[in-house]
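So you can see what is in the structure, the chains are spelled out below.
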Amino acid sequence: MKVYNWGIIGLGFIAAKFAEGLSCLPNAKLFAVASRNKKKAENFAARYHVPHAYGSYKEIVENKQIDIIYIATPHTLHCENTLMCLENKIPVLCEKPFAINLTEVKKMVTKAGEMKTLLMEAMWTAYLPSVKRIKETIASGIIGDIELIRADFGFKADKNPEGRLFNPELGGGSLLDVGIYPAYLALEFLGVPDQVKALASFGHTGVDENCAFIFKYPHGQLASLYSSIIAKTSIDAMITGTDGGIYLHSDFFMPARISLIKDGTDTEITPKYKGNGYNYEAEEAMKCLSEGKTESELMKHHKSLQLIETLDRIRKECGIRYPKHDD
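None of these values were measured; they are calculated from a predicted model.

Analysis parameters
- Residues numbered from 1 in each chain as written.
- Predicted model: local features only at pLDDT ≥ 70, side-chain atom pairs only at ≥ 80, totals over all residues.
- Heavy atoms only, no water.
- 1 Å grid on protein atoms, 1.4 Å probe; cavity = no way out; pocket = protein on both sides within 12 Å on 5 of 7 lines; lining within 4 Å.
- Points joined across faces, edges and corners; volume = space filled by probe spheres on them.
- Helix = DSSP H or I, 4+ residues; strand = E, 2+ residues; numbered from the N terminus.
- Nonpolar A, V, L, I, M, F, W, Y, C, P; charged D, E, K, R; others polar.
- Contact = heavy atoms within 4.5 Å.
- Salt bridge = Lys/Arg side-chain N within 4 Å of Asp/Glu carboxyl O.
- Buried < 20%, exposed > 50% of the residue type's maximum accessible area, 1.4 Å probe, protein only.
- Phe/Tyr/Trp six-rings, centres within 6.5 Å; stacked < 30°, edge-to-face > 60°.
- Lys NZ or Arg CZ within 6 Å of the ring centre and 35° of its normal.
- Pairing = 2+ DSSP bridges.
- Axes fitted to C-alpha atoms, helices over the stretch in contact; angles between N-to-C directions.
- Arc of directions from axis to C-beta.
- Polar contact = N/O pair within 3.5 Å; in protein donor to acceptor, adjacent residues only side chain to side chain.

On inspection of all chains with the given rule, the structure shows one cavity of 30 Å³ or more. Space inside the largest cavity adds up to approximately 30 Å³. Together, Thr125, Ser130, Val131, Ile134, Leu185, Phe189, Leu248, Phe252 and Pro255 line the largest cavity. Residue assignment for the lining of the largest cavity shows that the elements contributing at least two residues are α6 (129-139) and α7 (174-190). Of the residues forming the lining of the largest cavity, the biggest block, three residues, is contributed by α6. Of the residues in the lining of the largest cavity, the class split is seven nonpolar, two polar and no charged.

This is the structure we're talking about:
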């Protein structure tokens, strides 16, 4: 069994969750980590027993023993960091959102094609057994044709104006951080909408603190979606068909329970999970590497392009802008 050496760029909260996910995979080894703060890298490395800790992102890509890098930096750095890895022919699993806008994602996908190197968006929900189970249930015809999707993701964050969530220079706001999950769910099960209507409320730092958006589809289907970083919401979702529905209990992006609602009855259809969920995207990346693929069938490049293009449409409707990226 080949053991893949992983690197991580950016060592915040999500990087720690990913490191925990890797630990349950026998064919994965966290081999190197990088931060712009050497001490932070050393502390992270000590915590997770990582052999190599670097105080710059450039240093980690020079380590020829690394098989793949997970990028967990702020949104505004995703494109730059990904291109640096791809130019060194290092496969990339990049945290969502793939980048700030469609232009940046196109650059990343183009570079991956040129270098014939694996590039995946770490939209972790896409790789979970729950999505597979929902697809199988819908394909069976038991709920009929999908007519409505409702989903939300809101939490109350610490209002630090310099922190990632409230700093527009770092791509802060609710839409790209958590609104992407409801948007992904709608695109995964209804496709790209014909019409997008959206409104946002902005805080004193200029980021969208609340965002609500509606998608309308060619045959009249609707998706009603919203996000927040100043209020805790139910974080659940409902996929409603002509003959029944599928309810994704909180937290819907990795639901603790999934219910099939049919003829007044509630039947549990929840799959079993292993690890903390982040292991599935890592597992899929290593499977793609072993098969010589440059993209995953579960989150193909065209899906990432459709998702970021839809988020761009929402931002245009709301007037959400990011300095140096939308100028």
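The structure having been displayed, the exposition proceeds.
This part takes up the side chain of Ser130. Of note, Ser130 is situated in helix α6. Residue contacts for Ser130: discarding those within four places in its chain leaves Pro255, Ile258, Pro271 and Tyr273.

Moving on to the pattern of salt bridges. Per the counting criterion, the structure on display carries 19 salt bridges. Asp67 is the salt-bridge partner of Lys2, the closest N and O atoms lying 3.8 Å from each other. A residue pair is termed long-range when its members are at least 10 positions apart, and Lys2 in the segment before β1 (4-9) and Asp67 in the loop between α3 (57-61) and β4 (68-71) qualify at 65 residues. With a relative accessible area of 22%, Asp67 lands in the partly exposed category. The shortest N-O distance in the salt bridge between Arg150 and Asp236 comes to 3.1 Å. Highlighted residues: Arg150 in strand β7 (residues 146-154) and Asp236 in the loop between β10 (222-228) and β11 (237-241), separated in sequence by 86 residues. Three or more residues are tied together by salt bridges with common partners; here these are Lys135, Glu188 and Lys303.

So, about the packing of aromatic side chains. Think of a pair of aromatic rings as described by two things: how far the centres are apart, and how the planes are tilted against each other in angle. By the definition in use, this model includes 11 aromatic pairs. Taking 5.9 Å as the distance between ring centres and 40° as the angle between the ring planes, the aromatic pair formed by Phe213 and Phe215 counts as tilted. Both residues of the pair, Phe213 and Phe215, count as buried. Here the aromatic cluster, defined as three or more aromatic residues joined through ring pairs, consists of Trp124, Phe153, Phe155, Tyr181, Phe252, Phe253 and Tyr278. Directly above the ring of Tyr4 sits Lys2, whose terminal nitrogen or CZ lies 5.0 Å from the centroid.

Successive residues of a regular strand alternate their side chains across the two faces of the sheet. Across four bridges, the pairing between strand β13 (residues 258-262) and strand β14 (residues 265-268) is antiparallel. In the strand pairing of β14, Ile261 is matched with Asp266. What sits between β13 and β14 in their antiparallel hairpin is a turn of two residues, with Asp263 showing a positive phi close to 50°.

Moving on to the sheet that holds strand β8 (residues 195-202). Overall, mixed pairing links the eight strands, which are arranged β8-β9-β10-β7-β11-β12-β13-β14 in an open sheet. Each of the sheet's edge strands pairs with one partner strand only, and the pair in question is β8 and β14. Adjacent strand axes in the sheet meet at a mean angle of 10°, parallel and antiparallel pairs treated alike. Along the sheet, helix α9 (residues 301-318) makes contact with β8 and β9 (208-216), crossing β8 at roughly 55°.

When we look at burial in helix α2 (residues 38-48), the residues that qualify are Ala41, Phe44, Ala45 and Tyr48. Here the buried residues of α2 occupy an arc of 100° about the axis, which is enough to place them on one side. Residues Lys39, Ala46 and Arg47 are exposed on α2 and point more than 90 degrees away from its buried face. Contacts made by the buried residues of α2 are with β1, α1 (13-22), β2 (28-34) and β3 (52-54). Of the residues flanking the start of α2, the one acting as N-cap is Asn37, its side-chain oxygen 3.0 Å from the backbone nitrogen of Lys39. Just past α2, the residue His49 takes up positive phi, approximately 55°.

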